[in-house]
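Listed below are the residues making up each chain.
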Amino acid sequence: MEWEKRMINQEGILKKETENIYKFRRQFVLGPEYLSYLHGWERTKIDDNNYITSHPDLEKASAQIEGTSLFLLGFILDPFNPKKKNTDILNDLMQCKDSTDLFEETGKYGGRWILIYKTDKEFIMFNDMAGLRQIFHMKDIKGEIWCCSEPEILKDHLDLHQDSEAIEFMKSDAFNKMAEHWWPGNRGLYKDVYHLTPNHYLDLNTYKEIRYWPYKKLAKQDLKNVVQKSSKLLKGLIVSASERYKLSLPLTAGWDSRALLSATKGINKNIHYYTLLYRNLDRNHQDVHIPEKLISKFNLEHQAIQCPSKMDDVFEDIYMSNTSCAHMEWGAIAQGMHYDYPQDRMCIKGNVSEIARDTYRIEDKEIPNEKVNAKMLARLMEMSNNEYALRRFDEWLDSARKPCDENNFKLIDLFYWEQRMGNWQAMSQLEWDIVQETFTPYNCRLLMETMLGVNIKFRVIPSNIMYREIIKFLWEELLEIPINPDSTKLSSKEKLKSFIKKKFPFIYIYHLRK
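Residues numbered from 1 in each chain as written. Predicted model: local features only at pLDDT ≥ 70, side-chain atom pairs only at ≥ 80, totals over all residues. Heavy atoms only, no water.

J.: I keep staring at unusual backbone geometry and nothing clicks. Help me out?
T.: Leaving glycine out, the prevailing phi sign among residues is negative, and the prevailing peptide bond configuration is trans. The peptide bond linking tryptophan 213 to proline 214 adopts the cis configuration, its omega dihedral lying at 0°. Tracing the backbone through its elements, the reader meets proline 214 in the loop between strand E12 (208-211) and helix H7 (223-244). Its identity as a non-glycine residue notwithstanding, glutamate 66 has a phi of 45°, on the positive side. Within the fold, glutamate 66 resides in the loop between strand E4 (60-65) and strand E5 (68-77). (Helix = DSSP H or I, 4+ residues; strand = E, 2+ residues; numbered from the N terminus.)

Written as structure tokens, this is what we have:
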């Protein structure tokens, strides 16, 4: 392989170059001092007690007026005004009278961002809808607050110690038998270090995590209205990104990437389309040959990126030390992108859309809130009977149950949003920050509220009526090529599970709860 040849007789040089560029790439630290050991990083002063040290590849912007300051880490996009830049949007947000107003106003924006808001009365930080620009927080021995992208960057500086509960969890089947392990709840490997859950903000004056959403009832909408609104939001977000960045879009045979592809109509000649070849994927797999067929039909170009089966030693040393409990398999994919993915492009990802598909439904019916308990959530996450997971999910339910009941929101949807996307997907994007910046168009609160507002029967697989109508609205010809044609081929076990869910839903729910 070409990437192997490049390693020959270059290890020393490559390691130095790679460390300089990739070590903690696109990460940040907020604390009572700048960190001098992060050489070449940029510095931003918030006030006399709080300073940001950030990797030069992490975008930043700020705005100040009459005692109010707003700081941005990452990028933020306006689907209604695609030409607006980060600073333009910050200036718009400076009109907010307080944090409550700020939370509501940011609902229409996309991107992957952290906002730090400081006035005479308030000092808070929060992140994008799904928490894809992560925030971890902790206190040092002096009681000073520190925040960062991931605690590995502060491990030595603050002498962080591994949590005994976390170590036991890492020894369990719930951690080791998962194809892509992730941490339940708002904790991780290190003791007294916390992960800010999506839809929460961190009050830096009181050092409290506070939920700010959902705060109003989810509006029910008809299919036509949802399709039109969602299509325009997706299109607006992608056009907004194209005004600032050169874009790339990974394609599979699935619905999420097809809907995103439909939103690129009119700007598609400027987008790099590709598919990653990893695990058992080869050119005969539907996730490879269908994108190739699709792209060639419209006279566009498509790249298949071959990923190694494992990382080489140089890349592995850096990748595995960038985050706590990094994933070896994700690292091998990242190395494939390191050599063959165009580094000057922003990657569009189709994740977060899964929230709207109501992944844990019973056929075309939602699981009632009163039936959801920690045992059910652990079983759905393949963490059955794991005490660590059960405690974390019980803690999450304590925070989520009342606002969901009061605002017509399904607990099972919010769980996937805040736990699965906010932990598993957010960590995936952080790990891959080493090789690409990521833009997830579905990571927009207004878009997700809109999609969730339609009846569940239009959102579930395999029909995916809502997604089909969105594609039809934006670029109908894309439906001429099959979407997930092999998805109807169920195993005997899957067929039995589907039959029980359809005919005897009460048995299925009982099985999950016990």
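J.: Looking at this model, I keep getting lost on the nonpolar core. Mind explaining?
T.: Within the largest apolar cluster, 149 residues are counted, with the highest numbers of intra-cluster contacts made by Met383, Phe393 and Tyr442. Every residue in contact with methionine 383, bar those within four places of it in the chain, is listed here: Phe169, Ala174, Met178, Trp182, Pro184, Ala378, Ala389 and Phe393. With 18 residues, the next largest nonpolar core counts Leu30, Ile135, Cys147 and Leu204 among its residues. (Core = buried A, V, L, I, M, F, W, Y, C linked by side-chain atoms within 4.5 Å. Buried < 20%, exposed > 50% of the residue type's maximum accessible area, 1.4 Å probe, protein only. Contact = heavy atoms within 4.5 Å.)

J.: I keep staring at the sheet that holds strand E14 (residues 271-277) and nothing clicks. Help me out?
T.: Taken in spatial order, the five strands of this open sheet run E15-E14-E13-E16-E17, and their pairing is parallel. This sheet does not close on itself; its edge strands, each paired only once, are strand E15 (302-306) and strand E17 (437-439). Across the sheet, the mean angle from the axis of one strand to that of its neighbour is 35°, orientation sign disregarded. Together, E14 and E15 form the strand contacts of helix H9 (residues 286-297), whose direction differs from that of E14 by roughly 160°. Where helix H11 (residues 328-340) meets the sheet, it contacts E14 and E15, and its direction lies at approximately 125° from that of E15. (Pairing = 2+ DSSP bridges. Axes fitted to C-alpha atoms, helices over the stretch in contact; angles between N-to-C directions.)

J.: Would you take a moment to explain the pairing of strand E13 (residues 246-250) for this structure?
T.: Along any regular strand, the residues point their side chains to alternate faces of the sheet. Here E13 pairs with strand E16 (residues 345-348) via three bridges, running parallel. Following the sheet pairing, leucine 247 is matched in E16 by methionine 346. Pairing geometry for E13 and E14, over four bridges, is parallel. Pairing of leucine 247 across the sheet is with isoleucine 271, part of E14. With helix H8 (residues 255-262) bridging E13 and the parallel E14, this β-α-β connection has right-handed handedness. (Right-handed = clockwise from strand over helix to strand, strands pointing away.)

J.: I would appreciate a short explanation of empty space enclosed by the protein in the present structure.
T.: Empty pockets left among the atoms are what a rolling probe the size of a water molecule brings to light. Considering all chains together, one arrives at five cavities of 30 Å³ or more under this definition. Volume-wise, the largest cavity comes out at about 230 Å³. Taken together, 22 residues form the lining of the largest cavity, with Phe136, Trp183, Arg187, Gly188 and Met427 sitting closest to its centre. Of the residues contributing to the lining of the largest cavity, the split by class is eleven nonpolar, eight polar and three charged. Taken as a whole, the second largest cavity spans an internal volume of roughly 40 Å³. Around the second largest cavity, the lining residues are Thr106, Gly107, Tyr109, Trp113, Asn127, Asp128, Met129, Tyr212 and Arg445. For the lining of the second largest cavity, the residue count by class is four nonpolar, three polar and two charged. (1 Å grid on protein atoms, 1.4 Å probe; cavity = no way out; pocket = protein on both sides within 12 Å on 5 of 7 lines; lining within 4 Å. Points joined across faces, edges and corners; volume = space filled by probe spheres on them. Nonpolar A, V, L, I, M, F, W, Y, C, P; charged D, E, K, R; others polar.)

J.: What is the right way to read the packing of aromatic side chains from this model?
T.: Given two aromatic rings, one states the distance between the centres and the angle between the planes to describe the pair. Scanning the model with the defined rule gives 21 aromatic pairs in all. Considering the side-chain rings of phenylalanine 169 and tyrosine 388, the 4.8 Å spacing of their centres and the 25° angle between planes classify their relative orientation as stacked. Separated by 219 residues along the polypeptide, phenylalanine 169 in helix H5 (residues 164-171) and tyrosine 388 in helix H13 (residues 387-406) bring together distant segments of the chain. Aromatic rings pair up to connect Phe103, Trp113, Phe126, Tyr201 and Tyr212 into one cluster. Residue placement shows lysine 23 over the ring face of phenylalanine 24; its charged tip is 4.7 Å from the ring centre. (Phe/Tyr/Trp six-rings, centres within 6.5 Å; stacked < 30°, edge-to-face > 60°. Lys NZ or Arg CZ within 6 Å of the ring centre and 35° of its normal.)

J.: Is there a simple way to think about the layout of surface pockets in this case?
T.: A volume near 280 Å³ is recorded for the second largest pocket. Forming the walls of the second largest pocket are 15 residues, and the residues nearest its centre are Lys139, Asp140, Ile141, Leu158 and Asp159.

J.: How should I be thinking about the sheet that holds strand E2 (residues 42-47) in this particular structure?
T.: The strands that make up a sheet are held in pairs by hydrogen bonds between backbone atoms, and each pair lies either parallel or antiparallel. Across the sheet, which stays open at both edges, the six strands sit in the order E2-E3-E1-E9-E8-E10 with antiparallel pairing between neighbours. Among the strands making up the open sheet, the edge pair consists of E2 and strand E10 (194-195). As paired elements, strand E1 (residues 28-31) and strand E9 (residues 145-148) share two bridges and run antiparallel to each other. By the bridge assignment, leucine 30 is partnered in E9 with cysteine 147.

J.: Can you help me understand the pairing of E15 in this one?
T.: Pairing of E14 with E15, which is carried by five bridges, proceeds in the parallel orientation. Each bridged residue has a counterpart across the sheet, and for tyrosine 274 the counterpart in E15 is glutamine 303. Regarding topology, H9 serves as the crossover connection from E14 to the parallel E15, and that connection is right-handed.

J.: Looking at this structure, I do not really get the packing of H7 against helix H15 (residues 445-452). What am I missing?
T.: The relative placement of two packed helices comes down to the angle between their axes together with the axis-to-axis distance. Their axes nearest at 9 Å, the elements H7 and H15 cross at an angle of 160°. By the criterion of interaxial angle, the relationship of H7 to H15 is roughly antiparallel. When you trace H7 past H15, the crossing you get is left-handed. Contacts between H7 and H15 involve Val226, Lys229, Ser230, Leu233 and Leu234 on the former and, on the latter, Leu446, Leu447, Thr450 and Met451. Considering only residue class, the contact of H7 with H15 consists of six nonpolar, two polar and one charged. (Parallel < 35°, antiparallel > 145°, perpendicular 65-115°, else oblique. Left-handed = near helix turned anticlockwise from the far one by under 90°.)

J.: Honestly, the pattern of salt bridges in this entry has me stumped. Any pointers?
T.: Side chains that differ in charge, positive against negative, can pair when their charged atoms come close. For the coordinates displayed, the defined rule picks out 23 salt bridges. The partner of aspartate 47 in a salt bridge is lysine 118, with the nearest N and O atoms 3.6 Å apart. Separated by 71 residues along the polypeptide, aspartate 47 in strand E2 and lysine 118 in strand E6 (residues 110-118) bring together distant segments of the chain. Given a relative accessible area of 22%, lysine 118 falls into the partly exposed group. (Salt bridge = Lys/Arg side-chain N within 4 Å of Asp/Glu carboxyl O.)

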